[in-house]
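# Coordinate inspection notes
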Amino acid sequence: MNGVPQQPNQQQSDQSVSASISNEGAARLDDTLLDVQSDESLVDLQLTTADERQWLEQLFRQQVFNREAGVLYMPIRHHSPGCSHHLLRTIAEYEPEVILIEGPEAGNPLIPVLADPATRTPVSLYYTYEQGEERGAFYFPMLACSPEYIAICEAARRGIKASFIDLNYRAPQTLHKEQQSEDEKSQEHATEQGNSYQDETLLTSSSFMHRLCTALHCRSFDELWDRWFEAGATNAVTEHYIEEIFLYCSLSRLCYTSEQLEQDGTLARERHMLQHIEAARQQYKRVLVITGGFHTLGLLELQEEQYVHASSITARKNPSQQDIVSPTRITTKTKISKQGSKRNQPAKPIKEQIYPMVYTFEEADRLNGYASGMPYVAYYDEVWTRMQKGIAQPGQQTAIRLLSLLMKELRQGEAEVSTSDAIEAYSMLQGLAAIRGKPEGSVYELLDGVTSCFIKGEQTLVAVQPLQRLQQLLTGNQIGEVASNPFAVPIVEDFKKQATACKLKLQFTGRHKKVLDLYTRPQHRQISRLFHCMTFLGTELAVFESGPDWVAYRDINLMRETWTYSYSSFTEARLIENSIYGGTIAAAATRRLETIVAELPEQHSGQATRWLLRALLMGLEHSVDGLLQHTRRALRQDGSFLSLSEALVLLERMYEHRRLLGLEGDAGLPELLEEAYQHTVAAMDTLEHVHPDDQSQVVQSLKQLHMLAMTGTASFASEPLYDRLQELLERTGLPASLEGVSVAILSRAGMLPASEITDRARSYMRGTPQQMAHTAAYLQGVFAAARDAFLYDKELLNELNSMLARLSHDDFVRMIPELRMAFTFFTPAETRTIATRAAELLGESEQALDEPGLDEEVLLHAQATDKAIRQELARWGLL
């Protein structure tokens, strides 16, 4: 492995790569971390000082990896296969009596669950806490290649104790923005779904790592790590490998002041971990401590003094003595008294919970916003599998298999990728590895090879499909499984039971499509109710794509619902959070629904009815009686016409589709419908002064009332409605759209002559300019309820034509949008009929309707003239 001394007598399988790295061997860090074309060391590159390097090397030999010291430190990177490989070697050689692991100490009771053979990675511990107004949630993910998971399983196999030693919770990192890379800043959105215990922001965004990446021409910290610590990891000497990680991480840590680390919460965590380490030192002879490499130096410094400040480095003994001497580094003095006073304040009680849960490769991938660990999770998972089998060059062999799989899938998708393209990509993978001084090609050479050989020309949306598919293969779609355990959350188990009964695919990530036939298949109705419940609980399990939307009353004629769904740790976390409402999906949804409805204002009948409908869609029929009573109370107190009309419409939909919604009998809906109708008609007295933004809704509501009245049932008496409409027409200042719909309804009901529509329209069209401006609004109201009046009344068409002829150009431009809106009530066939009558009125034939509005030759001549004029003006400098 480049950057790490090699085990003797190891044969490389690729001779061309072997030739390129034949000079590496037992060289130290400052001899190996070089630019490919440079002989400069880290000191020459001004990435560290000689004193600093010497101090860290001494510290490593005497305190970090000293098998006689009683405590052996294993600095690692989370989810690193290379670290896991050397961890197994270390455990086998050191034979510890106890293993201490960086992780939430509240998770110690769950360690047997994680070590259970029935548990299948990826999995995670999910921790939540509340302290006063502060609350948070953290994930502690584990993959098959995670050193923490390997330590837990190996401890269980050996029958020794493994224990988490970190704080249960901490505030999110507050790293100074100027020290963050663009990649780190782009990942901040991931904290909305929970933080990670294994956040590596301080390590990856340190100025040392940025300067090292620049010096070695690495595009990111992840590429740098892969080059020096993953490629060829199985051939490295374990002690040298661990020393390199310690030096890397320590030099990153030295970029931060003590005040920054205190503010971030790092020092508080390390003080807590050190307490566990010291307690284990007193009880056991051989203690193995596994933490992120960033913490190792901090733990050692805290052994000498509780706080790190400026004098802790400059006051060390003479370098010639055997004691470890550290170089001077710039640091800001920690305000010990202030920190101490805060700790002496009485703490608020903490309410906390921790559960084992499933996790996914997609969520664990660093490129998807996860704050720690390795990117390309599926790739490194396969590398780890090959490592365990002793396969040489596991990284390159994995890359070759993924390249072959990519070719197969692209060809199945009829992509234009040839065998020669794949051969060139493989050759480039090997060549780039040799140029970069790597003992084997890996994921970054694979990505570069595919980009160069598979993408022809510009990177368009179509051209980059091979690269996008490769990214998906590198990430993977695996989802874990947690063994049966007493810590399982009932609501999660209830969901899994229902999902199994519904035959949902929860084994793999990615969006799955489900088409549900609501009318003929009872199981599909059950799935629909489950999806509605999960959506209501905010789990983001399923997304409604198409089908009848009962609440918005769209596409009701459709017979099927189409959903897409995907299970993830986020879904499980949201279920855990909803467990406070109940132990089953139905119980949690019912309790949460009751909480929401109880907070609604008593007079909002429309909202109450909307929640009643949603309850039925979720299959919560047992809640119907209570919601009906709440709706009845709201109807009696509501004075808003729009709110009451919304409640009426929703109740009518529920009654019409009561069998599909699972209601037994009529459930008392007829009586509630009659009461809602009466209250809505009574509220029409408030329509004289309607806000302009609400007028279109009022028009539709009046039309709906008329349609109910036309059914002839006793529940929807027509006389009170028509009386109210006539009263509205007698009032001055009634909005034009409401006047139009009122006249149209009364005319259709025979309460007014049909000529009344034209007479009132004429008063607008021949009135003052202000009255003419309201013509379109009046027609919108008329067309909403009686558009046939315009289809067959020539006089109304003549009046509209005369008005348009009298309008000035500016007035016509102002009126045309509203007129177009009015004519949207007509179907295409009706629009054609109106156009034919308009052509007859103007003395044109029907064939003229199909002719272009402007002759093509005239248009081309006008374009040429315009172009010539612009060129002439430009020549004179006038344009």
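Within the protein chain one finds 41 helices and eleven strands. Taken over 879 residues, the protein chain has a buried fraction of 53%. Across the protein chain, the fraction of contacts at a sequence separation of at least 24, relative to all contacts at a separation of at least 6, is 74%. Carbon and sulfur atoms make up 50% of the accessible area of the protein chain, which amounts to about 40700 Å² in all.

Right, let's talk about the sheet that holds strand S2 (residues 98-104) for a bit. The strand order across the open sheet built from four strands is S1-S7-S2-S5, with neighbouring strands paired in parallel fashion. Because the sheet does not close on itself, it has two edges, and the strands there are strand S1 (71-76) and strand S5 (161-166). On average, adjacent strands in this sheet sit at an angle of 30° to one another, irrespective of strand direction. Here S1 pairs with strand S7 (residues 287-292) via six bridges, running parallel. The partner of Tyr73 across the bridge, within S7, is Val289. In the packing of helix H14 (residues 293-304) onto the sheet, the strands contacted are S1, S2 and S7, and the crossing angle to S7 comes to about 125°.

On to the pattern of salt bridges. Applying the stated criterion across every chain, the model contains 42 salt bridges. For the salt bridge of Arg760 with Glu739, the shortest nitrogen-to-oxygen distance reads 2.8 Å. Of the two residues, Arg760 is situated in helix H34 (residues 755-765) and Glu739 in helix H33 (residues 736-748); the sequence distance between them amounts to 21 residues. Salt bridges sharing partners connect three or more residues here, namely Arg219, Glu223, Asp226, Arg436, Lys438, Glu445 and Asp448.

This next bit is on the side chain of Ser206. Tracing the backbone through its elements, the reader meets Ser206 in the loop between helix H8 (201-204) and helix H9 (207-215). Residue Ser206 is classed as buried on the basis of its relative accessible area of 0%. Only 3.4 Å separates the side chain of Ser206 from the backbone oxygen of Leu203, close enough to count as a polar contact. Once residues lying within four places of it in the same chain are set aside, the contact partners of Ser206 are Ser252, Cys255 and Tyr256.

Structurally, Gly431 can be placed in helix H20 (residues 419-435). Note on Gly431: relative accessible area 29%, which makes it partly exposed. Separated by 18 residues in the primary sequence, Gly431 and Gly449 place their C-alpha atoms 9.7 Å from one another.

Attention now moves to the sheet that holds strand S9 (residues 512-517). Across a sheet, strands are paired by hydrogen bonds formed along the backbone, either parallel or antiparallel in direction. Taken together, the three strands give an open sheet; going across it, the order is S9-S11-S10, and neighbouring strands pair in antiparallel fashion. Each of the sheet's edge strands pairs with one partner strand only, and the pair in question is S9 and strand S10 (542-546). Put simply, the sheet's adjacent strands are angled 30° from each other on average, direction ignored. Bridge analysis of S10 against strand S11 (residues 560-565) gives four bridges, and the strand direction is antiparallel. When the sheet's bridge partners are listed, Val543 is paired in S11 with Thr564.

The end-to-end C-alpha separation of helix H27 (residues 605-617) is 19 Å, in line with the 18 Å expected for 13 residues at 1.5 Å each. Counting buried positions over the 13 residues of H27 gives ten, a clear majority of the element. Among all positions of H27, only Ser605, Gly606, Ala608, Thr609, Trp611, Leu612, Leu613, Ala615, Leu616 and Leu617 are buried. Contact partners of the buried residues in H27: helix H24 (522-536), helix H26 (585-598), helix H28 (624-637) and helix H29 (641-656). Of the residues flanking the end of H27, it is Gly619, one or two places downstream, whose phi is positive at about 80°.

Take unusual backbone geometry next. Note on backbone geometry: most residues besides glycine have negative phi, and most peptide bonds are trans. A cis geometry characterises the amide bond from Thr121 onward to Pro122, with omega recorded as 5°. Among the structural elements, Pro122 can be located in the loop between helix H5 (111-115) and strand S3 (123-131). Here the phi dihedral of Glu95 falls at roughly 50°; this positive angle occurs in a residue that is not glycine. Mapped onto the secondary structure, Glu95 falls in the loop between helix H4 (81-94) and S2. We classify Glu95 as partly exposed; its relative accessible area is 46%. Of note, the phi angle at His217 is positive, near 60°, even though the residue is not glycine. As for its position among the elements, His217 is in the loop between H9 and helix H10 (221-230). Among the residues examined, His217 registers a relative accessible area of 60% and is labelled exposed.

Our next topic: empty space enclosed by the protein. Evaluated as defined, the whole model comprises seven cavities of 30 Å³ or more. Here the second largest cavity defines a volume of roughly 120 Å³. Lining the second largest cavity are Leu518, Arg525, Ser528, Arg529, His532, Trp550, Glu561, Leu616, Leu617, Leu660 and Leu661. Every element with two or more residues in the lining of the second largest cavity is listed here: H24 and H27. For the lining of the second largest cavity, the element with the highest residue contribution is H24, accounting for four residues. Tallied by class, the residues present in the lining of the second largest cavity amount to six nonpolar, two polar and three charged.

Close contact between helix H30 (residues 669-682) and helix H31 (residues 695-709) brings their axes to 12 Å; oriented N to C, the two are set at 130°. Between H30 and H31, the angle is such that the two are oblique. Here H30 and H31 pass one another in a crossing that is left-handed. Together, Tyr677, Thr680 and Val681 of H30 and Leu705, Leu708 and Ala709 of H31 make up the contact between the two elements. Within the contact of H30 with H31, the residues separate by chemical class into five nonpolar, one polar and no charged.

Judged by nonpolar contacts, the single largest core of 240 residues is most densely connected at Phe454, Phe495, Met684 and Leu702. Non-local contacts of Met684, meaning those with residues more than four positions away in its chain, are made with Phe641, Leu702, Leu705, Leu721, Arg724, Leu725 and Leu728.

Definitions and cut-offs
Residues numbered from 1 in each chain as written. Predicted model: local features only at pLDDT ≥ 70, side-chain atom pairs only at ≥ 80, totals over all residues. Heavy atoms only, no water. Helix = DSSP H or I, 4+ residues; strand = E, 2+ residues; numbered from the N terminus. Buried < 20%, exposed > 50% of the residue type's maximum accessible area, 1.4 Å probe, protein only. Contact = heavy atoms within 4.5 Å. Areas by Shrake-Rupley, 256 points an atom, 1.4 Å probe, with all protein chains shown as cover. Pairing = 2+ DSSP bridges. Axes fitted to C-alpha atoms, helices over the stretch in contact; angles between N-to-C directions. Salt bridge = Lys/Arg side-chain N within 4 Å of Asp/Glu carboxyl O. Polar contact = N/O pair within 3.5 Å; in protein donor to acceptor, adjacent residues only side chain to side chain. Expected span 1.5 Å × (residues − 1). 1 Å grid on protein atoms, 1.4 Å probe; cavity = no way out; pocket = protein on both sides within 12 Å on 5 of 7 lines; lining within 4 Å. Points joined across faces, edges and corners; volume = space filled by probe spheres on them. Nonpolar A, V, L, I, M, F, W, Y, C, P; charged D, E, K, R; others polar. Parallel < 35°, antiparallel > 145°, perpendicular 65-115°, else oblique. Left-handed = near helix turned anticlockwise from the far one by under 90°. Core = buried A, V, L, I, M, F, W, Y, C linked by side-chain atoms within 4.5 Å.

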